[in-house]
Amino acid sequence: MPQNDRPTASHLTPALRIDSASGLAIPTQRPIATEIPVSFVYGDAPYAVMMASPGDAEDFAYGFSLTEGIVRSPDEIRAVTVAPQAQGLSVGIELAPGRFREHLARRRAMTGRTSCGLCGVETVEQLPQAEKLNPAPPVPARAIFAALANLDRNQKLNAATHAVHAAAFCSRDGAIRAVREDVGRHNALDKLIGALIRESVSPREGFILVTSRASFEMVEKAAIFGASTLVAISAPTSLAIERAQALGLTLAAIARADSMMIFSGALEAQGGARSEAAAS
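Note that the structure is predicted; figures quoted are calculated from it, not measured.

*Asks:* Help me understand the overall build of the protein chain, please; the structure alone is not making it clear to me.
*Replies:* Along the backbone of the protein chain there are seven helices and 15 strands. The long-range fraction of contacts in the protein chain, counting pairs at least 24 apart against all pairs at least 6 apart in sequence, stands at 52%.

In structure tokens, the structure reads:
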């Protein structure tokens, strides 16, 4: 469907601005990030409703399908159709016949939330399971600092609304190659992964940078895609660190303009030396 038939990523909303000096209430308008229910339907079988931003729905479909374990490669998706509903969007995904039969066999009900990446999972065995990553050359630390320095200017929706997360794929020299934004951090990462697999971008060409905390689900999604390095602006959780170490994924977090911390794996420091997490 045409992009202009879908809800806009943000919209102006009336508000009152209270001035601290005068105490006056001043009528104004503020760009607000749009949050809608996005329904994923495989064949004619509803699967999940995710609260998300309306943009990049096709990328979302591909990335979500991969990180949920519904497909193993983008070739198993035959078509994606996006249609407006009374509230939100319906995303129809047509799978290859064999993959669709497997999907029906493992189908589970799941209702998503903006802050949740594993809603509806009833047992530990149902968690998505990435495979251990093949060894990859460490990413230069200077490349991560370069990407951090340029991330803000690539977050167009957040610049307007200050209400969304971003996930970026960066080359090994720190150039930002792709960015996706969403009200949900998991959604932003799924959209980024979807965009990359649709363009046949190899995960070994760079690293992933996210504006959120590094949780278990973010590590798992990055590893399912095949990325060897995940960088987060906020802190990691204990399970994220454990999972990154088990998968052989380099996890850097609390990444700022002047410093960052390595919790798993290694980065290339100055002069080609390796800076490795002590706990690895």
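*Asks:* Would you mind showing me how to read the pairing of strand S6 (residues 89–95) here?
*Replies:* Sheet faces and side chains relate simply in a regular strand, where the side chains alternate between the two faces. In terms of residue burial, S6 counts as a mostly covered element, since six of its seven residues are buried. Sheet analysis places strand S3 (residues 36–42) next to S6, joined by five bridges and oriented parallel. Bridging from a neighbouring strand, Val38 pairs with Leu89 of S6. Bridging between strand S5 (residues 77–84) and S6 involves seven bridges; their strand directions are antiparallel. By the bridge assignment, Ala79 is partnered in S6 with Glu94. Count of turn residues in the S5/S6 antiparallel hairpin: four residues, of which Gly88 carries a positive phi of about 90 degrees.

*Asks:* Honestly, helix H7 (residues 238–247) in this entry has me stumped. Any pointers?
*Replies:* Two residues of an α-helix separated by three or four positions point the same way, owing to the 3.6 residues in each turn. Among the residues of H7, Ala240, Ile241, Arg243, Ala244 and Leu247 are the ones counted as buried. For H7, the angular spread of buried residues about the axis comes to 170 degrees, placing them on one side. Just downstream of H7 lies Gly248, where phi reads positive at about 75 degrees.

*Asks:* Help me understand the sheet that holds strand S11 (residues 229–232), please; the structure alone is not making it clear to me.
*Replies:* Strand order in the open sheet formed by six strands is S9-S8-S10-S11-S12-S13, with mixed pairing between adjacent strands. Every interior strand has two partners, whereas the edge strands, strand S9 (176–182) and strand S13 (261–264), have only one. Within the sheet, the average angular offset between the axes of one strand and its neighbour, ignoring direction, is 20 degrees. As judged from the six bridges shared by strand S8 (residues 165–171) and S9, these two strands associate in the antiparallel manner. Looking across to S9, one finds that Ala168 is bridged to Val179. Running over the sheet, helix H3 (residues 141–151) touches S8, S9, strand S10 (206–210) and S11 and is turned about 45 degrees from S10. The strands that helix H5 (residues 185–198) touches are S8, S9 and S10; relative to S9, the one it contacts most, it runs at about 140 degrees.

*Asks:* I tried to follow the nonpolar core on my own but got confused; where do I start?
*Replies:* Looking at soluble globular proteins, one finds that nonpolar side chains tend to be buried together. Ranked by size, the top nonpolar core spans 53 residues in total, and within it Phe40, Phe64, Ile208 and Leu230 carry the most contacts. Listed in part, the 18 residues of the second largest apolar core include Ala141, Leu151, Ala168 and Cys170.

*Asks:* Help me out: how do you make sense of the packing of aromatic side chains in this one?
*Replies:* Centre-to-centre distance and the angle between the planes together describe a pair of aromatic rings. The final tally for this structure, using the stated rule, is six aromatic pairs. Judged by centre distance (5.7 Å) and plane angle (90 degrees), the ring pair of Tyr42 and Tyr47 falls under edge-to-face. For Tyr42, a relative accessible area of 0% gives the class buried. With relative accessibility at 3%, the residue Tyr47 sits in the buried group. With a centroid separation of 6.2 Å and 85 degrees between ring planes, the pair formed by Phe60 and Phe64 is classed as edge-to-face. Within this pair, Phe60 and its partner Phe64 are both found in helix H1 (residues 57–67), separated by four residues, close to a single helical turn. Take Phe64: its relative accessible area is 2%, and that puts it in the buried class.

*Asks:* For this particular structure, what's the right way to read the side chain of Glu58?
*Replies:* With respect to the helices and strands, Glu58 occurs in helix H1. Polar side-chain contacts of Glu58 include one of 2.5 Å to the side chain of Arg6.

*Asks:* Help me out: how do you make sense of the pattern of salt bridges in this one?
*Replies:* Here the idea is simple: oppositely charged side chains can pair when their charged atoms come close. On inspection of all chains with the given rule, the structure shows 14 salt bridges. Linking Asp59 and Arg180 is a salt bridge whose minimum nitrogen-to-oxygen distance equals 2.9 Å. Separated by 121 residues along the polypeptide, Asp59 in helix H1 and Arg180 in strand S9 bring together distant segments of the chain. With respect to class, Asp59 is no different from Arg180; both count as buried. Through salt bridges with shared partners, one network takes in Asp56, Asp59, Arg180 and Arg198.

*Asks:* When you look at the pairing of strand S4 (residues 45–52) in this model, what are you seeing that I'm missing?
*Replies:* Taken together, the seven bridges between S3 and S4 define a ladder with antiparallel strand orientation. Bridge pairing links Tyr42 to Ala45 in S4. Linking two consecutive strands that pair antiparallel, namely S3 and S4, is a turn of two residues; a positive phi of about 65 degrees is found at Gly43 within it.

*Asks:* Please explain the environment of Asn150 as it appears in this structure.
*Replies:* Its place among the elements puts Asn150 in helix H3. For Asn150, a relative accessible area of 29% puts it in the partly exposed group. C-alpha separation for the pair Asn150 and Ala175, spaced 25 residues apart in sequence, amounts to 8.4 Å. Polar side-chain contacts of Asn150 include one of 3.4 Å to the side chain of Arg153.

Each value, and the rule that gives it
- Residues numbered from 1 in each chain as written.
- Predicted model: local features only at pLDDT ≥ 70, side-chain atom pairs only at ≥ 80, totals over all residues.
- Heavy atoms only, no water.
- Helix = DSSP H or I, 4+ residues; strand = E, 2+ residues; numbered from the N terminus.
- Contact = heavy atoms within 4.5 Å.
- Buried < 20%, exposed > 50% of the residue type's maximum accessible area, 1.4 Å probe, protein only.
- Pairing = 2+ DSSP bridges.
- Arc of directions from axis to C-beta.
- Axes fitted to C-alpha atoms, helices over the stretch in contact; angles between N-to-C directions.
- Core = buried A, V, L, I, M, F, W, Y, C linked by side-chain atoms within 4.5 Å.
- Phe/Tyr/Trp six-rings, centres within 6.5 Å; stacked < 30°, edge-to-face > 60°.
- Polar contact = N/O pair within 3.5 Å; in protein donor to acceptor, adjacent residues only side chain to side chain.
- Salt bridge = Lys/Arg side-chain N within 4 Å of Asp/Glu carboxyl O.

This is a description of form; function is not addressed.
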